[in-house]
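Coordinate analysis (summary)
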Amino acid sequence: MAAGSCDVNASYDIKHLLKSDALYKYILDTTVFPREPECMRDLRLLTDKHQRGIMQSTPEEAQLLQLLIKIAGARKTIEVGVFTGYSLLATVLALPEDAKVVAIDVNQKDFELGLPFIQKAGVAHKVDFREGKALDRLEELLAAVDGDPAAQYDFVSISDFLKGFNAELAADPRVDVCQITVGDRLTICHRLV
Ligand SMILES: C[S@@+](CC[C@H](N)C(=O)[O-])C[C@H]1O[C@@H](n2cnc3c(N)ncnc32)[C@H](O)[C@@H]1O
């Protein structure tokens, strides 16, 4: 397999929800892989060999994440669920030079597997990794904030399984929300107030 080409055995290949593998390959080969930075490709291919590599975000998800960060003009961001850091690397590459991401995961060892790729890309200064359960770390972030806590962060990505979260979002008039079939599903949500 050529580096970066579509591999039927890769974890991201069995996660996509398209009815056609050929269409998925077309999307990857046409739009995703040609624009994927080398550091992201190298980390993705390493993580594919991880025994829990199935958890890795798919490359087209990471590309969409980067686009959303740029469209939103995000600067202060949070990522919950880092694993080896593929989507984290995508995030820090998309953020401006002086922006930050607070990256939260219960497992620091997996993050450390990907950290050399983040360092080699020259973007480690944008990462503030915090080990622990998301709710605990998020409570600490909230406690540290003056005024309107929600105003302090302008972009959050979460890749924990959150039971009931989509139904709660759909019923919440304070947000616009849309669930899309990228990767193994992605919910995009925009705070209105
Ligand atoms: C689907 S993986 C994240 C994939 C990652 N975004 C990527 O691009 O490869 C989910 C991660 O969430 C972490 N996790 C699970 N429950 C958690 C919790 N309660 N708090 C913080 N992290 C948690 C797991 O350790 C795992 O690394």
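Residues numbered from 1 in each chain as written. Predicted model: local features only at pLDDT ≥ 70, side-chain atom pairs only at ≥ 80, totals over all residues. Heavy atoms only, no water.

What about helix α4 (residues 86-94)?
Helical periodicity: at 3.6 residues per turn, an α-helix aligns residues three or four positions apart in one direction. When you tally the buried positions in α4, you get 8 out of 9 residues, the bulk of the element. Those residues of α4 lying buried are Y86, S87, L88, L89, A90, T91, V92 and A94. On its buried face, α4 sits against α2 (38-48), α3 (59-72), β1 (76-80), β2 (100-105), α5 (108-120) and β3 (127-131). (Buried < 20%, exposed > 50% of the residue type's maximum accessible area, 1.4 Å probe, protein only. Helix = DSSP H or I, 4+ residues; strand = E, 2+ residues; numbered from the N terminus. Contact = heavy atoms within 4.5 Å.)

As for the layout of surface pockets
In this model, the second largest pocket occupies a volume close to 390 Å³. In this structure, the second largest pocket is lined by 19 residues; those nearest its centre are V32, E60, Q63, L64 and L67. Elements represented by at least two residues in the lining of the second largest pocket include exactly α1 (21-32), α3 and α4. Its residues placed into classes, the lining of the second largest pocket shows 11 nonpolar, 5 polar and 3 charged. Among the domains, domain 1 (11-55) and domain 2 (59-191) are the pair contributing at least three residues each to the lining of the second largest pocket. (1 Å grid on protein atoms, 1.4 Å probe; cavity = no way out; pocket = protein on both sides within 12 Å on 5 of 7 lines; lining within 4 Å. Points joined across faces, edges and corners; volume = space filled by probe spheres on them. Nonpolar A, V, L, I, M, F, W, Y, C, P; charged D, E, K, R; others polar. Domains from an automatic or database assignment.)

Remarks on the domain arrangement of the protein
The domains assigned to the protein are domain 1 (11-55) and domain 2 (59-191). Between domain 1 and domain 2, the C-alpha centre-to-centre distance is 20 Å. Contacts between the two partners involve 23 residues from domain 1, matched on the other side by 22 residues from domain 2. The contact between domain 1 and domain 2 buries some 1,800 Å² in all, and 73% of this surface belongs to carbon and sulfur atoms. Together, L17, M40 and L43 form the three largest contributors to the area buried by domain 1 at its contact with domain 2, with a combined 32%. Inspection of the domain 1/domain 2 interface yields 1 salt bridge. (Buried area = accessible area lost by both parts, 1.4 Å probe. Salt bridge = Lys/Arg side-chain N within 4 Å of Asp/Glu carboxyl O.)

Looking at empty space enclosed by the protein
One pass over the full model with this rule turns up 1 cavity of 30 Å³ or more. By volume, the largest cavity amounts to about 50 Å³. Lining the largest cavity are V32, R35, E36, P37, M40, P59, Q63, Q66 and Y86. Within the lining of the largest cavity, the residues separate by chemical class into 5 nonpolar, 2 polar and 2 charged. A domain split of the lining of the largest cavity shows at least three residues from each of domain 1 (11-55) and domain 2 (59-191).

Description of a nonpolar patch on the surface
A cluster of nonpolar side chains, V156, I158, L162 and F165, forms an exposed patch at the surface whose accessible area comes to about 310 Å². Along the chain, the position of L162 falls in the loop between β4 (155-158) and α7 (165-170). With a relative accessible area of 36%, L162 lands in the partly exposed category. (Patch = residues over 30% accessible without salt bridge, like charges linked within 9 Å, V, L, I, M, F, W, Y side chains within 5 Å. Areas by Shrake-Rupley, 256 points an atom, 1.4 Å probe, with all protein chains shown as cover.)

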